[in-house]
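Below are the chains, spelled out letter by letter.
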2 protein chains.
Amino acid sequence: MSSMCLLRKATKLLLMRQRSQAAAIVGVCRNFGGTASEEEQSKQRGGEQAARSILYGALTAGGIGVGYFIFDYLAQQRLGSDEPSTKSNASSSTVAAPELDDKALARLWHKTARDELPTYALDEVQSHNTVETGIWVTYGLGVYDVTTFVDNHPGGDKILMAAGSAIDPFWAIYQQHNTLQVLELLESYRIGNLAKSDVVSVEDQGSPWANEPKRHALLKPAAERPFNAEPPLGMLAEKFYTPNELFYIRNHLPVPTLQDDDYGLEIEISAGKHAGTAERTLSFEDIKRLPKHTVTAAIMCGGNRRSEMTRVKPVKGLSWGAGAVGNAKWSGARLSDLLVAMGVQPDERLHVIFEGADLDPTAHPYAASIPLSKALDPRGDVILAYEMNDEPLTRDHGFPIRAIVPGVVGARNVKWLTRIVVSDQESDSHWQQNDYKGFSPSTDWDTVDFSLAAAIQAMPVTSAICTPMPDERVRVSGDGHITVRGYAWSGGGRRIVRVDLTADAGATWHVAELEQEDLPDGRHYGWSLWTARIPVKEQQKELEIWAKAVDSAYNVQPESFENIWNLRGVLSNAYHRVKVKLIREAK
Amino acid sequence: MSSMCLLRKATKLLLMRQRSQAAAIVGVCRNFGGTASEEEQSKQRGGEQAARSILYGALTAGGIGVGYFIFDYLAQQRLGSDEPSTKSNASSSTVAAPELDDKALARLWHKTARDELPTYALDEVQSHNTVETGIWVTYGLGVYDVTTFVDNHPGGDKILMAAGSAIDPFWAIYQQHNTLQVLELLESYRIGNLAKSDVVSVEDQGSPWANEPKRHALLKPAAERPFNAEPPLGMLAEKFYTPNELFYIRNHLPVPTLQDDDYGLEIEISAGKHAGTAERTLSFEDIKRLPKHTVTAAIMCGGNRRSEMTRVKPVKGLSWGAGAVGNAKWSGARLSDLLVAMGVQPDERLHVIFEGADLDPTAHPYAASIPLSKALDPRGDVILAYEMNDEPLTRDHGFPIRAIVPGVVGARNVKWLTRIVVSDQESDSHWQQNDYKGFSPSTDWDTVDFSLAAAIQAMPVTSAICTPMPDERVRVSGDGHITVRGYAWSGGGRRIVRVDLTADAGATWHVAELEQEDLPDGRHYGWSLWTARIPVKEQQKELEIWAKAVDSAYNVQPESFENIWNLRGVLSNAYHRVKVKLIREAK
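Note that the structure is predicted; figures quoted are calculated from it, not measured.

(A) Spatial organisation of the relation of the copies chain A and chain B. Of the transformation superimposing chain A on chain B, the axial component is 0.0 Å and the angular component is 179°, with the fit at an RMSD of 0.2 Å. In short, the pair behaves as if placed about a two-fold rotation axis. Proximity to the rotation axis, assessed at the C-alpha, singles out Pro558(A) in chain A; its C-alpha lies 2.2 Å from the axis. Most of the interface of chain A is mirrored in chain B, where 100% of its interface residues again form contacts.

(B) Summary view of the side chain of Arg402(B). All names here are of chain B. By the secondary structure assignment, arginine 402 is in strand β17 (residues 402–404). Of the side chains with opposite charge, aspartate 396 comes closest to the buried, unpaired arginine 402, at an N-O distance of 9.6 Å. Looking at arginine 402, its side chain comes within polar contact range of the main-chain oxygen of asparagine 413, at 3.0 Å.

(C) Layout of the pattern of salt bridges. Taken as a whole and assessed by the stated rule, the structure comprises 50 salt bridges over all chains. Of the charged contacts in the structure, one is a salt bridge between Glu116(A) and Arg114(A), with a shortest N-O distance of 3.1 Å. Residue class for Glu116(A) comes out partly exposed when judged on its relative accessible area of 39%. The partner of Glu348(B) in a salt bridge is Arg523(A), and the shortest N-O contact between them spans 3.1 Å. In this pair, Glu348(B) sits in the loop between α13 (335–341) and β13 (351–359) while Arg523(A) sits in the loop between β24 (513–515) and β25 (528–535), so the two residues belong to two different chains. Residue Glu348(B) is classed as partly exposed on the basis of its relative accessible area of 25%. What makes Arg523(A) buried here is its relative accessible area of 17%. It is possible to trace a salt-bridge network through shared partners that takes in Arg334(A), Arg379(A), Asp381(A), Arg523(A) and Glu348(B).

(D) Quick peek at the nonpolar core. Leu335(A), Val352(A), Phe354(A), Leu417(A) and Tyr487(A) are the most contacted members of the largest nonpolar core, which totals 78 residues. Dropping the residues within four chain positions of it, Val352(A) is found in contact with Leu335(A), Leu339(A), Ala368(A), Ser369(A), Ile370(A), Pro371(A), Leu372(A), Ala375(A), Ile420(A), Val421(A) and Val422(A).

(E) Up close: the interface of chain A and chain B. Contacts between the two partners involve 47 residues from chain A, matched on the other side by 47 residues from chain B. Counting the surface lost from both chain A and chain B, the interface buries some 3,400 Å², and carbon and sulfur atoms represent 43% of this. Of all residues in chain A, the largest losses of buried area upon contact with chain B belong to Glu348(A), Tyr554(A) and Asn563(A), amounting jointly to 21% of the total for that side. Taken together, the links from chain A to chain B amount to six salt bridges. Inspection of the chain A/chain B interface yields 20 residue pairs in polar contact (both at pLDDT 80 or more). Those elements that place two or more of their residues in the side of chain A that touches chain B are β22 (496–502) and β26 (542–551) of chain A. Partitioning the side of chain A that touches chain B into residue classes produces 23 nonpolar, 11 polar and 13 charged.

Rules used throughout
- Residues numbered from 1 in each chain as written.
- Chains lettered and ligands numbered in written order.
- Predicted model: local features only at pLDDT ≥ 70, side-chain atom pairs only at ≥ 80, totals over all residues.
- Heavy atoms only, no water.
- Least-squares fit on C-alpha atoms with pLDDT ≥ 70 in both.
- Contact = heavy atoms within 4.5 Å.
- Helix = DSSP H or I, 4+ residues; strand = E, 2+ residues; numbered from the N terminus.
- Buried < 20%, exposed > 50% of the residue type's maximum accessible area, 1.4 Å probe, protein only.
- Lys, Arg positive; Asp, Glu negative; His and termini not counted.
- Salt bridge = Lys/Arg side-chain N within 4 Å of Asp/Glu carboxyl O.
- Polar contact = N/O pair within 3.5 Å; in protein donor to acceptor, adjacent residues only side chain to side chain.
- Core = buried A, V, L, I, M, F, W, Y, C linked by side-chain atoms within 4.5 Å.
- Buried area = accessible area lost by both parts, 1.4 Å probe.
- Nonpolar A, V, L, I, M, F, W, Y, C, P; charged D, E, K, R; others polar.

Given below as structure tokens:
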């Protein structure tokens, strides 16, 4: 039986079962499709229509653009390039030129189990993630060995972002894959089926984790419970405003389930001139009735880039890459408007404590504090946010209300905000007192005294190279350059004034072009994206790129992690260094 | 003739001539004495009384304390230590126990030319400033070869601060030298007389430099015209408030001569909501009638520590050591009070231009600007200062009014302030537009475009080791430690939260004790002094100490100068590294 016949049969079977199994397919799509937002999912209803809608939804969701690489491989195929890969030729010969119906059917191939092929568990797929082990990917139910295709991938080594895992979420975003030709090509690499147990998620009914939101499949978890995940670094610098569904998530506890219609925010003035005189509870509508203020702010986890610091010596903490940061437009009520209306006077010794609805096992909420001076500063732009990039906050980002403290470490941007206290003390929470603090490289767990260190507020200057990624093979342009792109940011509203790149260990530095908001220094809370074209030598086959940013106070990044190492692995802002291989077009 | 007889004879001669030559002695004292302030000098009147008053004035002026080392050498001598140096024994044996009269006479020995000894020009003295060349110093008219004494100096290698130059200003401050025993000891090292031509200063009558103030002899000039000088680094960390007469001076042009009684400060609002509506001139008394505000602020030259950066590759600029910084209490009127009273509204696009009375050869004033947001911020603490450490400003520091812009590079703290303009542009002065900006290490004078770089405002975090000094021989304590002391500071009101020291290239770091004001972050404009005790290995004979500071935004210093090098040599804030030799007490 030809593979084409098999596919048709499988597809028919699928369509027959579709009505009764629509719910199961929804489950599959939830796991592999690009339909990230749970709101969208909850709108889906059973039956054929649902299955189709999800299938196509998966191919259109996301909203991240095509990016900067051109899908020239297929163009090459169409023009009859004389250097197509053997495998793709084989593919073309075994798959007949499809009729119109076949086109629709072909879109379901990866939803179909091919009985003649073996079944693989996900961890087996995951173990095939390098050229040495072979590069396997999954798409729907299909398992594919794309090792020989990698060199021909029009997007270059970006395909390696999916090595050992699902390509579904990438394809949902990079929609140039949504053609019959690509689907045919993929199917030609099929080697098996993904085990069903790895397709259907197991819910924790009744546990504190039972009501966790669904997340975008591209958010790569550093931890599942609490959920902590970052997007692929290679995608992070594509958009100035990070798409909500790809914005890193750093939860400390299970996600609480709040409703906006019975939400209440307690505010208590327990210190200062008006201590005890004012206490009130605001409803969600009360907050929305206050003047709406919008601020662009990057939020960064204190542990962003920890995985690089860990290479010096292990630290305690989630192994974040450089993607624990995102840049968004946040809208909500100004905290200063609220506090001033309640009679709070400037007092530099006071603090503002934020408590969330997320509770630890002893029923203590997540909490953190900031100085009152930051909260009252009209240029501080602290807001009680209900929108993120013009959309209501999602549950993972603090629905319905989150504190946004621009320029300050993510941990103080408390989500699911339910209580604010003006106090003469910092928050006594674990996260304020015994976490998110910096120490000398020689301080260890035997000698550490958290009470001696300052709680991180404003973050230091940092930057990261987003593309190329480590070990990526980078095409050198005809005029001998490679293009490098990334982000840079500094806390405290300090604008990035320069990003320097070197590909020869500092012998020559290249100044990047910056993409940033035109906002005054001290209030420049958004990140800066940057692009640099770096010349490379004709014979050069590999190189290491270093990036360092400079902020408006001319603070610079430290060169290496050795001397900023700290036992919690926070403040990991040394030069970002990425080794790549250079490839050149045949002349 | 014994040396004692010679001395007595010389002293008698001096006393006979004293009445007629009092004025000449005043000249000598001005050059070599510790009477730094010109105000003090102008109060001196001729005659014997003046000579004596200056002589003793020289020994009491300054106000810098004894510091942290104990004058244990003389104590040792008194207790009959069994290990005095040969030379000092010799000294004791040749100089007879003095009578009361001799004590007074002995104080004049160094004021006396000894005819039997050769005369040396100052540049010959200056060439003897290392152990290899021999270490010569001068005191008054005397030239002394103290090479063999250096090892026995109770203050250790601090004596080398004066190698090849005058000890007068040091002794004026370190008053433990003011004993007959020390004077006798010094005279025993006498080898000659200083040439008169090097004693009497030559004034530039009629030139723009004719009215330069007299400066403290300890201010070591990086340039004479305009005058730019810093105190010896070894003394800088002795006092939390830098004594006015030792505060570094960075003039860009000749010092103008202003009087407080006909002083006028023009204020012009040329942009913003109230542009053109308000313009006024304030007298000195007008300013003093405004509410008086005091702020502790370190002022640092943008080129501080340039001499270290220069070692990587030459730069354009004065070769500052790490002493182009000082910390003082500044008092005056708040600029924000004044601007608010004149109707100036917050507008983040505007600037405040400061113009001084110091004019360049084309009659353009020195000028610089800061953002209006800094000027209006109640936490910005920008003041029109008329006092420095509770004293009226001296001419070199901007008499009668200077702008103090805490947390911001010295160049914006405009002295001899005569005009303030609220403008929609930064100052168009050379110093704002084409100087005091940072660049990539690969930017050179062929490629530089000053318009692309941000004018330095807030300065980055930095620190310096003040004691020990480079190549100093440091005594190891009985328990195997050395003591290291220095300063640390960051711009923008960011508090120093930690200073780390290492003596083994980063293998182990030691956290210093901080001495700083208890002020909230964001408004912590003063510097921090720090002290660390560092353990050293038993056999170790030399080591290199590195210091790095961390500010409240957890910004750190870069490790080395290579990658922050810039063609103007500003922002030179890499780790401070000092190599020292270790010496141990005999057991």
